[in-house]
Amino acid sequence: KAGVTQTPRYLIKTRGQQVTLSCSPISGHRSVSWYQQTPGQGLQFLFEYFSETQRNKGNFPGRFSGRQFSNSRSEMNVSTLELGDSALYLCASSLTRGQPQHFGDGTRLSIL
Amino acid sequence: DQQVKQNSPSLSVQEGRISILNCDYTNSMFDYFLWYKKYPAEGPTFLISISSIKDKNEDGRFTVFLNKSAKHLSLHIVPSQPGDSAVYFCAASASSYNNNDMRFGAGTRLTVKP
């Protein structure tokens, strides 16, 4: 059974640009969550999608957005990139909400 | 708001000894707690969980203890093995919120020396 797949693995952008990250959950998993990991900060919750609807959102500015498609695949978009957005972005899926999540290996985003 | 705290950024133990990783939380609504392990260049992997109706959950070499009154949980690894060397994250959520808004600690890097 394939795990959570995130693409791309690495990305380099410059300030002001926008970026879209992709996540394919484990087959059958309907809940997808996104996290930002920075050194010393652990994993910060971004948002959760379930059945193509955003169910919950963390404390991030509106520049961070996402969506989920009918096949449960999800994308995350960050507009007007700032240096502080450099981080590892992790996607996690679970069968239903409130279950242990399975994480992808992340997309490392570097802003120059 | 750091609702979940792991105050030890690193821990080093000898192979065969016990590793104890600690985690504190502030939100009394949290009733579901998890531990994840993360190797470099990989995503976190679910290790073990515990709900607030229990005070202990065991899975092989891994045991999680929950002290609700102290808002504290710990992960015990016995015996520790070099392959356990990784970053361990504690996470918590509130089932009443009915969501996947899990709050994670900053992680503790465990090094098990042969």
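Details of the structure are given in the entry above.
A few points on the structure. Note that the structure is a prediction, hence the values are computed from the model and not measured.

1. Describing the state of the cysteines
Residues and elements named next belong to chain A.
Point 1. By the definition in use, this model includes 2 disulfides over all chains.
Point 2. Between Cys 23 and Cys 91 runs a disulfide, and the two sulfur atoms are separated by 1.8 Å. Its torsion about the S-S bond being -60°, the disulfide of Cys 23 and Cys 91 is classed as left-handed. Of this pair, Cys 23 sits in strand E3 (residues 19–24) while Cys 91 sits in strand E9 (residues 87–94), placing them 68 residues apart in sequence.

2. Remarks on unusual backbone geometry
Peptide bonds are mostly trans, and most non-glycine residues show a negative phi.
Point 1. Each neighbour pair has its own omega, and for Thr 7 of chain A with Pro 8 of chain A the value is -10°, a cis peptide bond.
Point 2. Mapped onto the fold, Pro 8 of chain A is located in the loop between strand E1 (5–7) and strand E2 (10–13).
Point 3. In this structure, Pro 79 of chain B follows Val 78 of chain B across a cis peptide bond, with omega equal to -15°.
Point 4. Relative to the assigned elements, Pro 79 of chain B resides in the loop between strand E8 (72–77) and strand E9 (86–93).
Point 5. Even without a glycine there, the phi angle at Glu 52 of chain A is positive, about 65°.
Point 6. Within the fold, Glu 52 of chain A resides in the loop between strand E5 (42–50) and strand E6 (53–57).
Point 7. The residue Ser 72 of chain A is not glycine, and still its phi comes out positive at about 75°.
Point 8. Structurally, Ser 72 of chain A can be placed in the loop between strand E7 (64–68) and strand E8 (74–78).

3. Overview of the pairing of E8 of chain B
All names here are of chain B.
Point 1. With 5 of 6 residues buried, E8 is to be regarded as a mostly interior element.
Point 2. Across 6 bridges, strand E3 (residues 19–25) lies against E8 in antiparallel orientation. Bridge assignment links Ser 19 to a residue of E8, and that residue is Ile 77.
Point 3. Two elements, strand E7 (residues 62–67) and E8, share 6 bridges in a ladder whose sense is antiparallel. If you follow Phe 65 over to E8, its bridge partner there is Ser 74.
Point 4. As consecutive antiparallel partners, E7 and E8 are separated by 4 residues, and within that stretch Lys 71 has a phi angle of approximately 50°, a positive value.

4. What to know about the pairing of E7 of chain B
Residue and element names in this part refer to chain B.
Point 1. With 4 bridges joining them, strand E6 (residues 56–59) and E7 adopt antiparallel strand pairing. Bridged to Lys 56 within E7 is Phe 65.
Point 2. Between E6 and the antiparallel strand that follows it, E7, lie 2 residues; Gly 60 among them carries a positive phi value of about 65°.

5. Details of the sheet that holds strand E1 (residues 4–5) of chain B
Residues and elements named next belong to chain B.
Point 1. Ordered in space as E1-E3-E8-E7-E6, the 5 strands form an open sheet in which the pairing is antiparallel. Looking along the sheet, the strands with just one partner apiece sit at the ends: E1 and E6.
Point 2. With 2 bridges joining them, E1 and E3 adopt antiparallel strand pairing. Of the residues in E3, the one forming a bridge with Lys 5 is Asp 24.

6. Examining the nonpolar core
Point 1. In terms of nonpolar packing, the biggest core is built from 24 residues, with Phe 33, Trp 35, Leu 73, Leu 75 and Tyr 88 of chain B touching the most fellow members.
Point 2. Among the elements of the structure, E3, strand E4 (32–38), strand E5 (45–51), E7, E8, E9 and strand E11 (108–113) of chain B are those that each provide at least two residues to this core.
Point 3. When residues of this core are assigned to their parent elements, the largest contribution, 4 residues, is made by E9 of chain B.
Point 4. If we ignore the near neighbours within four places in the chain, the residues touching Phe 33 of chain B are Tyr 25, Ile 48, Ser 49, Ile 50, Leu 66, Leu 73, Ala 91 and Ala 92 of chain B.
Point 5. Listed in part, the 21 residues of the second largest apolar core include Val 4, Leu 21, Tyr 49 and Leu 81 of chain A.

Conventions used here
Residues numbered from 1 in each chain as written. Chains lettered and ligands numbered in written order. Predicted model: local features only at pLDDT ≥ 70, side-chain atom pairs only at ≥ 80, totals over all residues. Heavy atoms only, no water. Disulfide = S-S within 2.5 Å. Helix = DSSP H or I, 4+ residues; strand = E, 2+ residues; numbered from the N terminus. Buried < 20%, exposed > 50% of the residue type's maximum accessible area, 1.4 Å probe, protein only. Pairing = 2+ DSSP bridges. Core = buried A, V, L, I, M, F, W, Y, C linked by side-chain atoms within 4.5 Å. Contact = heavy atoms within 4.5 Å.

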